[in-house]
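# Breakdown of the fold
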Amino acid sequence: MERKKDNPIVSLVSRTVSPFIMLFALYVIFHGHYSPGGGFQGGTMLAAAFILIRLSLGMEISQLQFKSRWATPLGSAGVLIYFGTGLVALLFGGNFLDYGFIPIAEAVAERRSIGILCIEIGVAIAVMAIIVSIYDDLLEGSSDD
Amino acid sequence: MIDFFLGHYGYWFAILLMCLGLYGAIMKKNLIKKLIGITIFQTSIIIFFVASSSKWGATVPIFDEKIGVANTAKYINPLPHTLMLTAIVVGVATMGVAFALVISIFQKYKTLDESVLLKRMKKDNDS
Amino acid sequence: MKVVNYLIMIVFCALMIYASLGLPNRGDAYADLNKEKSLSQTPNAASYYIHNAKKDAKTENMVTVILADYRGYDTLGEETVIFTAGLVCFLLLRKEKKKNGKKKR
């Protein structure tokens, strides 16, 4: 996909709006305990912010923001955060993914709350990286003939 | 009778959407249009699940001090919401896989029309 | 062939509407789906979650608790599916590019 020519309005607006989308995505992730939201929604919105820059400014400039080759390692890192949280609970004597056994707070309910936050972050990172990676791969695959 | 109708028309709209998606998936010859049909089908299932979780006079499934948790009729059913939340994101990811397959098909056979594609595949196999 | 396709669609639609006649009314708070006890006299999943989500995990949003705590395995599977989908995309489209060998990222 090639851009025909630079449109100042499109590039300015998308560059201005993208950080706010990211900020709102972080709010959605971290406020998911108290309002509608969570890892899946926030991760998708983060990916939307990256894809907005990719759509409006082209592939070369957006590589400065988020390199395409980071996407797959970040996705596996997200899945590993999830697995690791479950594994830590396993090491401290509980069942797999039973956050009540992770010794990070006094009360069991508090521990579960923090465990939920950990895996929400893992889900958000994985979803963000994978959606950006799918976008990049589709673009490369379709532009290459 | 009117109660029955009012309680079920939401399901019927979801079923109508499902048939529309099936129409796209089996009648259209273009692979992209088939994919759009499949996506509509999936969306109709999501709408059906979310519709089935509603309760009249209930609020969102977020704990509220004023309401308490003693009466479950005050919160809508959170289980279908959870299932569909993951289904939406997984649907996007699997749609990406479908588009990747379509792109590789197009790169190999230079067409997306089903009948032409079958002809070219047969020619490819014969030679 | 076209007639068969239309027939399949009409039969599917009729079957679905026939099945929907047996469903409880939409918005009925006392349907089987929303009862305290299920048919086998065990606690119903949705009611159990509503009663215990705040107490178990100190989190207001019940959907988050179900997603990440009660059904953690389920979400783990979903995330693996997403990751696999991304990987499949990567492998499918990357293979084509390597065969051409034109340019790299």
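Residues numbered from 1 in each chain as written. Chains lettered and ligands numbered in written order. Predicted model: local features only at pLDDT ≥ 70, side-chain atom pairs only at ≥ 80, totals over all residues. Heavy atoms only, no water.

On to the overall build of chain B. The helix and strand inventory of chain B stands at four helices and zero strands. Ordered by position from N to C terminus, the α and β elements of chain B give α-α-α-α. For a compact globule of 127 residues, the expected C-alpha radius of gyration is about 14 Å, and chain B comes in at 21 Å, more than 25% above that figure. Projected onto its principal axes, the C-alpha positions of chain B cover 75 × 35 × 15 Å. When each of the 127 residues of chain B is scored for burial, the buried share is 43%. Considering only intrachain contacts with a sequence separation of at least 6, the fraction spanning at least 24 residues in chain B is 38%. A total of about 7000 Å² of accessible surface is found on chain B, and carbon and sulfur atoms cover 70% of it. Looking at chain B, you have 13 positive and 7 negative side-chain charges, and the mean spots of the two groups are 9 Å apart. (Helix = DSSP H or I, 4+ residues; strand = E, 2+ residues; numbered from the N terminus. Rg over C-alpha atoms; globule rule 2.2 N^0.38 Å. Buried < 20%, exposed > 50% of the residue type's maximum accessible area, 1.4 Å probe, protein only. Contact = heavy atoms within 4.5 Å. Areas by Shrake-Rupley, 256 points an atom, 1.4 Å probe, with all protein chains shown as cover. Lys, Arg positive; Asp, Glu negative; His and termini not counted. Charge placed at Lys NZ, Arg CZ, Asp CG, Glu CD.)

Here we come to the interface of chain B and chain C. The partner chain C presents 45 residues to the 50 residues of chain B that form the contact. Of the roughly 4400 Å² buried between chain B and chain C on both sides combined, carbon and sulfur atoms contribute 73%. Our count for the chain B to chain C interface comes out at zero salt bridges. Counting the contacts that link chain B with chain C gives 15 residue pairs in polar contact (both at pLDDT 80 or more). Within the residue set of the side of chain B that touches chain C, elements represented by two or more residues are α1 (2-27), α2 (31-52) and α3 (78-109) of chain B. Broken down by element, the residue count for the side of chain B that touches chain C peaks at 18 residues, all from α3(B). (Buried area = accessible area lost by both parts, 1.4 Å probe. Salt bridge = Lys/Arg side-chain N within 4 Å of Asp/Glu carboxyl O. Polar contact = N/O pair within 3.5 Å; in protein donor to acceptor, adjacent residues only side chain to side chain.)

Let us now look at the packing of helix α2 (residues 39-57) of chain A against α3(B). The axes of two packed helices give the description: the angle between them and the distance between them. Two elements in contact, α2(A) and α3(B), have axes separated by 10 Å at closest approach and are oriented at 30°. With respect to each other, α2(A) and α3(B) are oriented roughly parallel. Every pair of crossing elements has a handedness; the one defined by α2(A) and α3(B) is left-handed. Every residue of α3(B) that contacts α2(A) at A:F40, A:Q41 and A:T44 is listed here: B:L85, B:T86 and B:V89. (Axes fitted to C-alpha atoms, helices over the stretch in contact; angles between N-to-C directions. Parallel < 35°, antiparallel > 145°, perpendicular 65-115°, else oblique. Left-handed = near helix turned anticlockwise from the far one by under 90°.)

Close contact between α3(B) and helix α3 (residues 62-70) of chain C brings their axes to 9 Å; oriented N to C, the two are set at 60°. Considering their axes alone, α3(B) and α3(C) lie oblique with respect to each other. As for how α3(B) packs across α3(C), the hand of that crossing is right-handed. In contact with B:P78, B:L79, B:H81, B:T82, B:L85 and B:T86 of α3(B), α3(C) contributes C:M62, C:V63, C:I66 and C:L67. Its residues assigned to classes, the contact of α3(B) with α3(C) shows seven nonpolar, three polar and no charged. (Nonpolar A, V, L, I, M, F, W, Y, C, P; charged D, E, K, R; others polar.)

Now for the interface of chain A and chain B. Counting from both sides, the interface comprises 14 residues of chain A and, opposite them, 13 residues of chain B. Taken over both partners, the interface formed by chain A and chain B buries close to 940 Å², and the fraction arising from carbon and sulfur atoms is 79%. Between chain A and chain B we count zero salt bridges in total. Of all elements in the fold, only α2 and α5 (108-142) of chain A reach the threshold of two or more residues within the side of chain A that touches chain B. The greatest single-element share of the side of chain A that touches chain B, amounting to six residues, is contributed by α5(A). Classifying every residue of the side of chain A that touches chain B by side-chain character gives seven nonpolar, five polar and two charged.

Residue and element names in this part refer to chain A. Within this structure, the stated rule accounts for 15 aromatic pairs over all chains. The interplanar angle of 80° and the centroid separation of 6.1 Å between the aromatic rings of F66 and W70 together place this pair among those described as edge-to-face. W70 gets classed as partly exposed once you look at its relative accessible area, which sits at 39%. The interplanar angle of 45° and the centroid separation of 6.3 Å between the aromatic rings of F83 and F96 together place this pair among those described as tilted. With F83 in helix α4 (residues 71-91) and F96 in the loop between α4 and α5, this pair connects stretches of sequence that are 13 residues apart. For F83, a relative accessible area of 34% corresponds to the partly exposed category. (Phe/Tyr/Trp six-rings, centres within 6.5 Å; stacked < 30°, edge-to-face > 60°.)

Glancing now at the nonpolar core. Core analysis: the largest hydrophobic core is formed by 55 residues, its most contacted members being A:F40, A:V127 and C:I82. Those elements that provide at least two residues to this core are α1 (8-30), α2, α4 and α5 of chain A, α3 of chain B together with α2 (45-57), α3 and α4 (72-100) of chain C. The leading source of residues in this core is α5(A), at 14 residues. In this structure, B:M18, B:C19, B:L22 and C:F12 belong to the second largest nonpolar core, which totals eight residues. (Core = buried A, V, L, I, M, F, W, Y, C linked by side-chain atoms within 4.5 Å.)

So, on to the pattern of salt bridges. Under the criterion given, the structure shown has eight salt bridges over all chains. Residues C:K58 and A:E110 are paired through a salt bridge, measuring 3.3 Å at the closest nitrogen-oxygen approach. Placement of the pair is C:K58 in the loop between α2 and α3 and A:E110 in helix α5, with the two residues belonging to separate chains. Here C:K54 and C:E60 are joined by a salt bridge, their closest N and O atoms 3.5 Å apart. On the basis of relative accessibility, which here comes to 26%, the residue C:K54 falls in the partly exposed class.

Attention shifts here to unusual backbone geometry. All names here are of chain C. With a phi angle near 65°, Q41 is a residue other than glycine that sits in the positive phi range. Structurally, Q41 can be placed in the loop between α1 (2-20) and α2. Phi at K58 is positive, roughly 55°, even though this residue is not glycine.

Once that is clear, we can look at the confidence of the model for chain B. Averaged over all residues, the pLDDT of chain B is 90; the fraction at 70 or higher stands at 100%. No element of chain B has a lower mean pLDDT than helix α4 (residues 114-126) of chain B, at 89, and none a higher one than α2(B), at 94. (pLDDT = per-residue confidence, 0-100.)

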